[in-house]
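Now for the letters of each chain:
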Amino acid sequence: MTKETLQREGLEKIKADLHGVMSSFKSMLLSLGETAIANHLPWINEPPAANTLPRVPDEKLVQAIGISFELLNLVEENAATQFRRKMETHFGLSAIRGSWGETLHHWKEQGITSEAAAALLPQINVMPVLTAHPTEAKRVTVLRIHRELYMLLVSNENSKWSTSERQLLQEKMEVILERWWRTGEIYLSKPSLEDERSNLMHYFAKVFPEALRLSDQRLRDAWDTSGYEADLLRWPEQFPTLQFGSWVGGDRDGHPYVTPAFTASTLALHRRAALTLIKEALSELASQLSFSQQSHPMNPEFISLIQERAAVLGAEGQKALDRNPMEPWRQLVNLFVVRLDNTLLATPPSDPMCWYQRPAHLAEDLRYLRQTLIQINAQKIAQTLLFPVERMVQCFGFHLAKLDIRQNSAYHEKVLSQILQKAGYADVDYGSWSEEKRLAFLNEELERKRPFVIWGASCGVEADNLLGYYRELKHYVKRYGTEGIGSVIVSMTRSLSDLLVVYLFLREVDLLDTAIPVVPLLETIEDLQAGGAILEAFLSHPITVERRERHGATVQEVMLGYSDSNKDGGILTSRWSIYKAEEELTEIAARHGVELCFFHGRGGSISRGGGKVHRFLSSMPPGSVSGTIKMTVQGETIANQFANRLNATYNLEMFLSGTARQTMLSKVPPLHPELPQIMDRLIGLARQQYRALLDHPGFIEFYNHATPIDVLEQSKIGSRPARRTGQRSLEDLRSIPWVFSWSQSRFNLTGWFSTGTALTKLEENYPDDFAVLKSLANQWPFLKYRLIQIETNLLNADPQVMQAFADLVADPAVRSDLMSLIETDYQKGLQQIEQLTELSLPERRLTRLENIKLRGRALSLLHELQISNLKDWRALKDSDAQQAEPLLLKLLLLVNALSGGLKGTG
């Protein structure tokens, strides 16, 4: 058995499983009398003649094809899981790229000792941060149906089912498919913030606890298989820390609906869910620790402690003892549950021994319980039953997920102007001040302790909103500490003053002395280039130094934006600018004696930083990963990565293992002494070509007509507006619909444009430089990963569909000029990547090519409908809204179906 054989078997499995689920789908439709639709389903019917649309209602056809694509996605997801299982069975744990097995095997081969590996693992602290960025086109109701179908696919893997049992599975599948068919596919109104929060809570409370347990087991198995010393990886404090973050309820950048009250309710919801989760785990643990006092020699101190704890808790404590007489371990855990019940109360008891003020106090109790189990030689019980509870407290705390607070620097300027006006200052137009004037004012103000205005005074709409949610943070911190708060992130950080102004806001509500981090978000190319100077000034500032010393902080968080830098400069320029920024920022932090926690603002698509996380991590500069790292998980990526526990476990393992592997690396010189200069030259050529497109006088006209951006701005897939301020300009357009629109029209140029031309010019004008890149194409992770990603976007583009959309542009000169730029770069991109990698496409990308072929005809059919309806809608939308409305609904259905077929949005 070879890996290639398993790969081919995997492709055959996809086809076989797809035929099975499509047969169920067809059978269900036939039972409902939908014969015409059933006979036009892809993959199990003969395809219709080219350029001939089936004579069935558009809405039903689109829904049927959309469901078919989602079924294919589920089949592929299950097949990938089964493929990994077979790989491990035949070739061992180390056969899975990016896994703990591969990482530990790699360390072992490098001569890294058990002690060195064990010393590194507790330094790892990773945090996926779930956001509600509007790229999830599927309704929550439909996502639930997806999960049910996926579980049926998994059940079907059991080879021991009887014929009648398999028939029952078939019937269940048809019932679920019928529910799906009868369910509306798209949001007819924007989802509320409560809807988005509820969706995320499912993952935090239902998926991640189990995925954490399975991920820990994966590390244990890999550790044992590698031959590392077993005693060095037994207890929670020896494992990496996995935490979770959220932006729903805290992200306000261009989101006017996130009120202070919603922030407060989100923090409260997180806390209650975390405490409930831990209580359930403790209750289950109590039921399992039914050890009799008569069978075990008892430490008198242990019995005394139980009696003392029960006495403090009064009647409830005595009930906990009476429930399980002569079973002291169960009694102790019952007392923990009583204390946790009191912690859940809106007003806990006055005696601090009756409730848990901090998760550290419960963790201390659990460690004591562990020691008592070890004393009676019940280590295996402690490792199997108690360990998951300890890890839950370690990773989820009493807050479940840390809530980040994000707002735009321009909004902050408006807020400060309103506060200054209320406080009686003469010059209140803070937004027009020079940086020098801002810094002089801020530094002088920050030496004072008093606020600008009295608590509760109204200063203006923006100021009242900002101070409102800062006061809610104050209220939360006063009661529970800062563990449930993530960071205060400043979008579009352009200068030191953008960060210091947050210190003023914190001072205004008496939070400046807390450990809440203030974090720059560097988004555009220029901001990334200026990031070093900003961080140097910020880390040197007396208040930053004083806060760091006060709280013993050794880590500074810096967020890097992938979306805006891509929109600003194109894929190559964006990624190289981020790479250089990571190197520079890491060096600056080291000079100040701190480590950086890079917070990567990744989206789902390649254009916005997406892709396989272990490849992403391996392409970061060696020495730039401190062990502490955050990443956003946005939109449809959340369901793609975490909708089921096995996939969630796999993706969490990739994140943890990849971070550990990269953290072990030290800074090394470039693979070639002139590599940085060569890359700078290449990026200069790429950016020149990219700007030739965006700065063309007809570009906006081309973009508005050759993509369905006008449809996307009417969609209801997220609670936020598509534009930050509502202006119709490229600068104001969010990067998500920017990528989404090019994806829908199959240009995908946000993920490849300018690469082909830049590489061609480099080869023509700097052949030695090109030769260096060619020699490193399979050695340097940064370049290798970029080429794979860019080629993927090129392969997913479709020249025929691109041209069909371009034909919607009225001006022939504009159409000709820009399509010439785009098509030339497209062809050069494919040619140059093949030349650099020195292998043909079929040799390198067999699975990708098969996937594209499988989806091709059904996607073409959807695009034909999309373009036809788009023409009709645009002709009517400004003159006859009533006739245009049904067409818009069809177009939104098409957006949803195409998103499934293309496996992504923005």
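First, a word on what this report is: a plain description of the structure on this page. Fair warning: this is a prediction, and the values are worked out from it, not measured in the lab.

1. A look at the overall build of the protein
- When helices and strands are counted, the protein shows 37 helices and 9 strands.
- Against the compact-globule benchmark of 29 Å for 906 residues, the protein has a radius of gyration of 29 Å, which places it among compact chains.
- Across its three principal axes, the protein shows a C-alpha extent of roughly 90 × 85 × 60 Å.
- In the protein, which comprises 906 residues, the share counted as buried stands at 58%.
- Between the mean site of the 99 positive side-chain charges and the mean site of the 108 negative ones, the protein shows a separation of 3 Å.

2. A closer look at the pairing of strand β6 (residues 518-522)
- Within β6, 5 of the 5 residues are buried, which leaves the element mostly enclosed by the surrounding structure.
- Here β6 shows a buried face lined by Val518, Pro520 and Leu522 and a second buried face lined by Val519 and Leu521.
- With 3 bridges connecting them, strand β5 (residues 485-491) and β6 associate as parallel partners. The residue bridging Val490 from the neighbouring strand is Pro520, located in β6.
- In this fold, the crossover linking β5 to β6 by way of helix α18 (residues 496-508) has right-handed handedness.
- Summarising the sheet, β6 and strand β7 (residues 555-561) pair through 2 bridges and their orientation is parallel. Residue pairing for β7: Leu522 is matched across the bridge by Leu560.

3. Re unusual backbone geometry
- You will see that Trp43, though not glycine, has its phi angle at about 75 degrees, which is positive.
- With respect to the helices and strands, Trp43 occurs in the loop between α2 (35-38) and α3 (58-91).
- When its relative accessible area of 25% is taken as the criterion, Trp43 is described as partly exposed.
- The backbone of Glu838 shows a phi angle near 65 degrees, a positive value even though the residue is not glycine.

4. Topic: the packing of aromatic side chains
- Counted under the stated rule, the structure contains 38 aromatic pairs.
- Here Phe204 and Phe208 contribute two aromatic rings whose centre-to-centre distance is 6.0 Å and whose plane-to-plane angle is 50 degrees, an arrangement assigned as tilted. Placement of both Phe204 and Phe208 in helix α8 (residues 193-226) is noted, with a separation of 4 residues, approximately one turn of the helix.
- Given a relative accessible area of 1%, Phe204 falls into the buried group.
- Classification of Phe208 as buried rests on a relative accessible area of 0%.
- Measuring from centroid to centroid gives 5.7 Å for Tyr562 and Phe616, while their planes differ by 55 degrees, and the two rings are tilted. In this pair, Tyr562 sits in the loop between β7 and α21 (563-569) while Phe616 sits in helix α23 (residues 613-618), placing the two residues 54 residues apart along the sequence. Grouping residues by exposure puts Tyr562 and Phe616 together as buried.
- One cation-aromatic arrangement involves Arg252 over Tyr469; the distance from NZ or CZ to the ring centre is 3.5 Å.
- The lysine or arginine in question, Arg602, covers the ring of Phe616, its NZ or CZ lying 4.2 Å from the ring centre.

5. Side note on the packing of helix α36 (residues 846-876) against helix α37 (residues 881-902)
- Running from N to C, α36 and α37 point in directions that differ by 155 degrees, and their axes come no closer than 9 Å. The orientation of α36 relative to α37 falls into the category roughly antiparallel. Seen along the crossing, α36 lies across α37 with a hand that is left-handed.
- In terms of residue class, the contact of α36 with α37 is made up of 15 nonpolar, 6 polar and 3 charged.

6. A short note on the packing of helix α11 (residues 314-323) against helix α12 (residues 328-344)
- Put simply, α11 and α12 touch, their axes get as near as 8 Å, and they point 150 degrees apart. By the criterion of interaxial angle, the relationship of α11 to α12 is roughly antiparallel. Note on packing geometry: the crossing formed by α11 with α12 is right-handed. For the pair formed by α11 and α12, the contact residues are Glu316, Gly317, Ala320, Leu321 and Arg323 on the first element and Gln331, Asn334, Leu335 and Val338 on the second.

7. Here's the deal with the state of the cysteines
- Inspection of the entire model under this criterion finds 0 disulfides.
- Free of any disulfide, Cys395 has its nearest cysteine sulfur in Cys597, 15 Å distant.
- Relative accessible area serves as the criterion here: at 1%, Cys395 is assigned to the buried category.

8. Structural notes on the nonpolar core
- Counting 165 residues, the largest nonpolar core has Phe208, Leu282, Leu369 and Leu416 as the members making the most contacts within it.
- The contact partners of Leu282, leaving out residues within four places of it in the chain, are Val333, Phe336, Val337, Leu340, Leu362, Leu366 and Val389.
- One finds Ile683, Phe699, Val801 and Leu830 within the second-largest nonpolar core, a separate group that totals 113 residues.

9. A look at the environment of Leu818
- Among the secondary structure elements, Leu818 is positioned in helix α34 (residues 812-837).
- A C-alpha to C-alpha distance of 7.9 Å links Leu818 and Phe702, two positions 116 residues apart in sequence.
- Those residues in contact with Leu818 that lie beyond four places of it in its chain are Leu693, His696, Gly698, Phe699 and Phe702.

What counts and how
- Residues numbered from 1 in each chain as written.
- Predicted model: local features only at pLDDT ≥ 70, side-chain atom pairs only at ≥ 80, totals over all residues.
- Heavy atoms only, no water.
- Helix = DSSP H or I, 4+ residues; strand = E, 2+ residues; numbered from the N terminus.
- Rg over C-alpha atoms; globule rule 2.2 N^0.38 Å.
- Buried < 20%, exposed > 50% of the residue type's maximum accessible area, 1.4 Å probe, protein only.
- Lys, Arg positive; Asp, Glu negative; His and termini not counted.
- Charge placed at Lys NZ, Arg CZ, Asp CG, Glu CD.
- Pairing = 2+ DSSP bridges.
- Right-handed = clockwise from strand over helix to strand, strands pointing away.
- Phe/Tyr/Trp six-rings, centres within 6.5 Å; stacked < 30°, edge-to-face > 60°.
- Lys NZ or Arg CZ within 6 Å of the ring centre and 35° of its normal.
- Axes fitted to C-alpha atoms, helices over the stretch in contact; angles between N-to-C directions.
- Parallel < 35°, antiparallel > 145°, perpendicular 65-115°, else oblique.
- Left-handed = near helix turned anticlockwise from the far one by under 90°.
- Nonpolar A, V, L, I, M, F, W, Y, C, P; charged D, E, K, R; others polar.
- Contact = heavy atoms within 4.5 Å.
- Disulfide = S-S within 2.5 Å.
- Core = buried A, V, L, I, M, F, W, Y, C linked by side-chain atoms within 4.5 Å.

Scope: geometric values only; no functional claims are made or implied.
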